[in-house]
Amino acid sequence: MLSSSDFASASWELVVRVDHPNEEEQKDITLRVSGDLHIGGVMLKLVEQINIAQDWSDFALWWEQKHCWLLKTHWTLDKCGVQADAKLVFTPQHKMLRLRLPNMKTVRLRVSFSTVVFRAVSDICRALNIRRAEELSLLKPSGEYFKKKKKKDKNNKEPIIEDILNLEGSPTISGPSVSPGLYSKTMTPTYDPINGTPASSTMTWFSDSPLAEQNCSILAFSQPPQSPEALADMYQSRSLADKAKLNSGWLDSSRSLMEQGIQEDEQLLLRFKYYTFFDLNPKYDAVRINQLYEQARWAILLEEIDCTEEEMLIFAALQYHISKLSLSTEIQDFTNESEVDEVEAALSNLEVTLEGGKADNTLEDITDIPKLADNLRLFRPKKLILKAFKQYWFVFKDTSIAYFKNKELEQGEPVEKLNLRGCEVVPDVNVAGRKFGIKLLIPVADGMNEVYLRCDHESQYAQWMAACILASKGKTMADSSYQPEVLNILSFLKMKNRNSAPQVASGLENMDMNPECFVSPRCAKKHKSKQLAACILEAHQNVAQMPLVEAKLRFIQAWQSLPEFGLTYYLVRFKGSKKDDILGISYNRLIRIDAATGIPITTWRFTNMKQWNVNWEIRQVAIEFDQNVSIAFTCLSADCKVVHEYIGGYIFLSTRSKDQNETLDEDLFHKLTGGQEAI
C-alpha cells in the first residue's frame, strides 16, 4: 500500500500537442509530471523531449477546454487546475492575421494572440504608423461580408481580395518596448505638413515598423476609386436594425484573440471604433488621416450614414479632388525644408503673441460671456397644423435661448426659455434654396421637445448654429472653440454654395472622371451621368485649390458635421418596455430611438451619468443619471459586454489631454470597460 506522502508526490502522464510551424502534422508528446511542477518546468521538459534546436521563446501553453493561456510560468499545475485529462497545446503566441483596413486594403502581419486585444491593436497600429491606437479596434464581420466580396471577385479580372500587403517579415512586438516619449511633442515631423508625403530623411517614425522596409506611403495615399459596378455590388440598403447587427462583431478589448476564437490567418476589419479623433496632426498622421478619410468615404458611398443630396455632391467633389491629387506626380516632389520642429513652431507662435500679432484675450472670455440677439423665426410641429414659422426676438446667453414677441420686451418675461444643455442639434439647410434652419431636440422628462429655428443668411446661421452646438455640450460662446466652429460652418456652407463658384469650363466630354464612382449607387441612379458630372465639377470649383491633406481633413470635418455622425446602433429592450428600441451610442451621449420610425425618443448625456453597471447573470446594463433618472436595458443584437465597453471606452477617451505624453493608463481602460464578469 502507498502512504499519503507517496500519493502527493505521485506523477502522472500529461499529453501536450505541439503546434510546430515547420511541420504539417501536429505531434502529441507525453510527459511524466506531478502537480507541484510549474508551467515553466513543463515547457522545459517539452523542449528537451522535442529535441529540435530552435528559438522556442515565443511558444506558450494553451488550454483548449478552458479556452485560456497558461502564461504564468511560475504557477504549478495544481494551482492552475491542470490534471491528466487536460488538453494542452504548445503553440506560438504570435500568429499571422489578415486585416482589412478602412481603405479596403488588406495587410497580413504577425500579431500576438495571447495579449489582450487592446494591446494587440496598439502593436498593430505601431506597425502601420497609426497614432492614437486607442481609437481603433478589431471587428469580426458576419460571414456574408467576405463571401460577398469573393463572389464579386469571380466576375472581375483583377480580384481585389488577393491585393494583400504582406508584412510577415517583422512581427509586432508586445510590451513596453517603446519609450514613453515615442510620440513626444518635440519629435521631428516625418510627413510633409502640406501634402502629407512621407519624408525621405526619416523613412518612418517607428524604427521597428515593418513599413520601414517597404514604401511607407502605401497606406498614406488614398486608393483609386472603385468602379460603379463594384460599388453597386457592395452597396446594401440598411435599416437601423441592420446597422445594429453590423456593430455586434467588435472584439472584447480585455481578452486575447485566441480566447475569442480567432483562428490563425483569419480576416478581421481594423476600424476606428471611437469617433473622438484626438490631436490630428498632418505632420505625423499621414496614415491615420488617410485611413480616417477612407472610413468616412466608404460610410458615405455605402450610405452607412445619411446625408442630403447637396452634401453628397460636396463629398463627391472632395473625393474627385483628392483622387486627382493622389494620382498626380507633382505631390511626390517635395523637400524637407517645409518641416519645422514643433518647438520652433511654438517659439514662433509665442513671438507673434508677444509682439501683439495675436489678440486673444483669455481674461475677457472668462469675465464677459458673449450673447447673441436677433430676429429669428420659430416653428413647433404639432399634429394637423401646417408648417408655419413665426418671427420672434431671440436672445442666446450661456447655454439657453429665450425668445420674446419683439425687441422692446427683452427686459421682461420671455415667451419661453429653452435650455439647450444635452439637446440634439440637427442642421436643416439647403444653400441653393436659401434655407438655413436649425432643428433642436430638447430632452424633457417624457421624451424630446422638437423646435425649429430659421435664420435669414449664412452668417447668422453659422453664429447661432455654433452657439447651439456648444450649448448642447454644456459650453458657452466664451469657449475658445466657438469662433473656429463658426468658421468651420461658414466654410462648409461656402463649399455647398455653387453660385459662388466660377463657371465650369465647357466641353464635359473631355473630362477625366467617372461621376458614379464618387456618389452612392442610389444617388447615381437618380441622375444622368453628364448631369451628375456637371454638378460635381461645379462643386469642385470651391475646393480646387486645396492641398491634399487639407482636402482630406475638410472631408473628415464635413463627415463630422452630419447629424448621424459618430452614432453606433444596438437593438435593445428597455426595462418595462414591451417593444424593442434602438440605442444610439455617441462620444458624449446615449439616444433612445424608435426602431420603427427612426425618431429619437430621449437623450442622456454622459456628463449627467452618476454610475453604470452590468448584471452579468441576466445580461442587463443599468445606468443612473442626475435628478434620480435611471434606465436599464438588455442588448438583443450583441452581447451586453460590447455596449458596456463602448460606454466605458468613450468615458476613458474623454480623460485624454495634450499634457499627457501620449502614454495611456491601460489599467484605467480595463477598469472602465472590462466589467466584473465571471468566467
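Residue numbering note: each chain is counted from 1, following its sequence as written. The predicted origin of the model limits local features to residues at a pLDDT of at least 70 and limits the giving and counting of side-chain atom pairs to 80 or more, whereas totals for whole chains, interfaces and linings rest on all residues. Neither water nor hydrogens contribute to the side-chain values; these are computed over all heavy atoms in the structure.

- An unreviewed UniProt entry lists the chain under the name FERM domain containing kindlin 1, with Bos mutus grunniens given as the organism.
- For the record of the chain, the UniProt heading Sequence similarities (unreviewed entry) holds the text "Belongs to the kindlin family." UniProt positions are given in the numbering used here, feature names are shortened, and annotations may be inferred rather than shown by experiment.

**Let's talk about the pairing of strand β12 (residues 390–397)**
Step number 1: By this definition, two strands are paired if DSSP reports at least two bridges between them. Think of it this way: any DSSP run of H or I at least four residues long counts as a helix, any run of E at least two long counts as a strand, and we number them from the N terminus. Sheet analysis places strand β11 (residues 371–379) next to β12, joined by 8 bridges and oriented antiparallel. Bridge assignment links R377 to a residue of β12, and that residue is Q391.
Step number 2: In the sheet, β12 pairs with strand β13 (residues 400–404) via 5 bridges, with the strands oriented antiparallel. In the strand pairing of β13, F394 is matched with Y403.
Step number 3: Remark: 2 residues form the turn of the hairpin made by β12 and β13, two consecutive strands paired antiparallel; D398 in that turn has positive phi of roughly 55°.

**Describing the packing of aromatic side chains**
Step number 1: For Phe, Tyr and Trp, rings pair up if their centres lie within 6.5 Å, where Trp contributes its six-membered ring, and each pair is then called stacked (planes under 30 degrees apart), edge-to-face (over 60) or tilted (otherwise). Evaluation of the coordinates by the stated rule reveals 31 aromatic pairs.
Step number 2: Ring centres 5.9 Å apart and planes at 65° place the aromatic pair F396 and W464 in the edge-to-face group. Here W464 lies in helix α12 (residues 458–472) and F396 lies in strand β12, a separation of 68 residues in the sequence. Here the two residues F396 and W464 agree in accessibility, since each one is buried.
Step number 3: Their ring planes at 40° and their centres at 6.2 Å tell us that F436 and Y461 sit as a pair that is tilted. Here the residue F436 occupies a position in strand β16 (residues 435–444), and Y461 occupies one in helix α12, the gap between them amounting to 25 residues. Buried, partly exposed and exposed residues are distinguished by accessible area as a fraction of the type maximum, computed with a 1.4 Å probe on protein chains only: under 20%, between the cut-offs, and over 50%, respectively.

**Describing helix α16 (residues 548–560)**
Step number 1: Taking 1.5 Å per residue as the helical rise, α16 with its 13 residues ought to reach 18 Å, and the 19 Å between its terminal C-alpha atoms agrees with that figure.
Step number 2: Taken together, the buried positions of α16 are L548, V549, A551, K552, R554, F555, I556, A558 and W559.
Step number 3: The criterion used for residue contact is that any of the two residues' heavy atoms lie within 4.5 Å. Looking at the buried positions of α16, the neighbouring elements they touch are α8 (286–301), α9 (309–327) and α13 (482–496). One fewer than the residue count of a helix, multiplied by 1.5 Å, yields its expected span.

**Some thoughts on helix α18 (residues 666–673)**
Step number 1: Buried within α18 we find E666, F669, H670, L672 and T673. Across the axial projection of α18, the buried residues extend over an arc of 165°, all falling on one side. For α18, the exposed residues lying more than 90 degrees away from the buried face are D667 and K671.
Step number 2: Looking at the buried residues of α18, the elements they touch are α4 (117–128), β22 (609–615) and α17 (640–653).
Step number 3: Whenever two N or O atoms come within 3.5 Å, that pair is a polar contact, provided that in protein one can donate a hydrogen and the other can accept it, and provided that, for residues adjacent in sequence, both atoms are side-chain atoms. With a side-chain oxygen positioned 3.3 Å from the backbone nitrogen of D667, the residue opening α18 is D665. Taken from the helix axis, the directions to the C-beta atoms give the arc we talk about.

**Describing the packing of α9 against helix α15 (residues 529–540)**
If you want to describe how two helices pack, look at the angle between their axes and the distance between the axes.
Step number 1: One way to put it is that α9 packs onto α15 with a least axis distance of 8 Å and a crossing angle of 75°. If you check the angle between α9 and α15, you find them roughly perpendicular. Together, L313, I314, A316, A317, Y320, H321 and K324 of α9 and L532, C535, I536, L537, A539 and H540 of α15 make up the contact between the two elements. Every axis corresponds to a line fitted to the C-alpha atoms, with the helix fit spanning only the stretch in contact, and the corresponding angles, defined between N-to-C directions, vary from 0 to 180 degrees. For classification, angles of less than 35 degrees are called roughly parallel, those exceeding 145 degrees roughly antiparallel, those between 65 and 115 degrees roughly perpendicular, and all remaining angles oblique.

**Side note on the sheet that holds strand β5 (residues 88–92)**
Step number 1: Ordered by their spatial adjacency, 5 strands build an open sheet running β2-β1-β5-β3-β4, and the pairing between neighbours is mixed. With one partner strand each, in any of the chains shown, β2 (27–33) and β4 (68–70) form the two edges of the open sheet. Strand after strand, the sheet turns through a mean of 35° between neighbouring axes, direction not considered.
Step number 2: Packing of helix α2 (residues 39–50) onto the sheet brings it into contact with β1 (12–18), β2, β3 (59–63), β4 and β5, and relative to β2 it is tilted by some 125°.

**Looking at the side chain of T106**
Step number 1: Take T106: it is sitting in strand β7 (residues 106–112).
Step number 2: With relative accessibility at 2%, the residue T106 sits in the buried group.
Step number 3: In terms of polar contacts, T106 uses its side chain to reach the side chain of R100, at 3.0 Å.
Step number 4: Filtering out sequence-adjacent residues up to four positions away, T106 remains in contact with R98, L99, R100, D163, I164, L165 and Q267.

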